[in-house]
Amino acid sequence: MTLQIVLAISAALFCFGLAATLSRANAIVILIGIEFMLGADNLNFLAFWRFSPDPAALAGVMFAIFSIAVAAAEAAVGLAIVILVHRRIRSVDADDSDHLKG
C-alpha cells in the first residue's frame, strides 16, 4: 500500500465526517462525524510516520495516541452536553437548542 492510497482513504474518511457534521441536525450524528474526522487525522499521522525516512522514531505514533486521548475527551464532554440538553428540552436536534438562550 502506498502513501497516496492511504492519503486518499484518509481524505475520503475526512470528507464523510465533514458531510455528516455539516448536513445533520442530530447532535449525536454531529459528534460521530467529528470522530470520523479525528480518525482520518490519526490515519494521516500514522501514514506519514510509516512512510517517513526514519520510521524507528515513534513521533507519528505518539501524535496518534495523543489524538485518540483528545477524541475520547471530546466524546465524553460532547455526550455530557447532549445528555444535559436532552434533559432540558427533550430533543437532541441542534436546531432546537436555540431555546437555551438566556
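As shown above, the structure is provided for reference.
Scope of this entry: the structure provided in the associated data block. Here the structure is a predicted model, which is why all the values come from computation and not from measurement.

Here is what the cut-offs are and how they apply
Residues numbered from 1 in each chain as written. Predicted model: local features only at pLDDT ≥ 70, side-chain atom pairs only at ≥ 80, totals over all residues. Heavy atoms only, no water. Helix = DSSP H or I, 4+ residues; strand = E, 2+ residues; numbered from the N terminus. Rg over C-alpha atoms; globule rule 2.2 N^0.38 Å. Buried < 20%, exposed > 50% of the residue type's maximum accessible area, 1.4 Å probe, protein only. Contact = heavy atoms within 4.5 Å. Axes fitted to C-alpha atoms, helices over the stretch in contact; angles between N-to-C directions. Parallel < 35°, antiparallel > 145°, perpendicular 65-115°, else oblique. Nonpolar A, V, L, I, M, F, W, Y, C, P; charged D, E, K, R; others polar. Phe/Tyr/Trp six-rings, centres within 6.5 Å; stacked < 30°, edge-to-face > 60°. Lys NZ or Arg CZ within 6 Å of the ring centre and 35° of its normal.

### Describing the overall build of the protein
No. 1: Scanning the protein for helices and strands turns up three helices and zero strands.
No. 2: Scanning the protein from its N terminus toward the C terminus, one meets helices and strands in the order α-α-α.
No. 3: Its C-alpha atoms give the protein a radius of gyration of 17 Å, more than 25% over the compact-globule value 13 Å for 102 residues.
No. 4: Each of the three principal axes of the protein carries a C-alpha extent, and together these read 55 × 25 × 20 Å.
No. 5: Scored against the burial criterion, the 102 residues of the protein give a buried share of 22%.

### Focus on the side chain of T21
No. 1: By the element assignment, T21 lies in helix 1 (residues 3-23).
No. 2: In this view, T21 contacts I30, G33, I34 and M37; residues no more than four positions away in its chain are not counted.

### A short note on the packing of helix 2 (residues 27-50) against helix 3 (residues 59-89)
No. 1: Two elements in contact, helix 2 and helix 3, have axes separated by 8 Å at closest approach and are oriented at 175 degrees. By the criterion of interaxial angle, the relationship of helix 2 to helix 3 is roughly antiparallel.
No. 2: Taken together, the residues of the contact of helix 2 with helix 3 sort by class into 17 nonpolar, four polar and two charged.

### With respect to the packing of aromatic side chains
No. 1: Under the defined criterion, the tally for this structure stands at two aromatic pairs.
No. 2: Plain terms: the ring middles of F16 and F36 are 5.1 Å apart, the flat faces sit at 85 degrees to each other, and that makes the pair edge-to-face. In this pair, F16 sits in helix 1 while F36 sits in helix 2, placing the two residues 20 residues apart along the sequence.
No. 3: We classify F36 as partly exposed; its relative accessible area is 31%.
No. 4: Pairing F45 with F63 gives two aromatic rings, centres 5.5 Å apart and planes at 25 degrees, and the pair type is stacked. Of the two residues, F45 sits in helix 2 while F63 sits in helix 3, which places them 18 residues apart along the sequence.
No. 5: Stacked on the ring of F51, the Lys or Arg R50 has its end atom at 5.4 Å from the ring centre.

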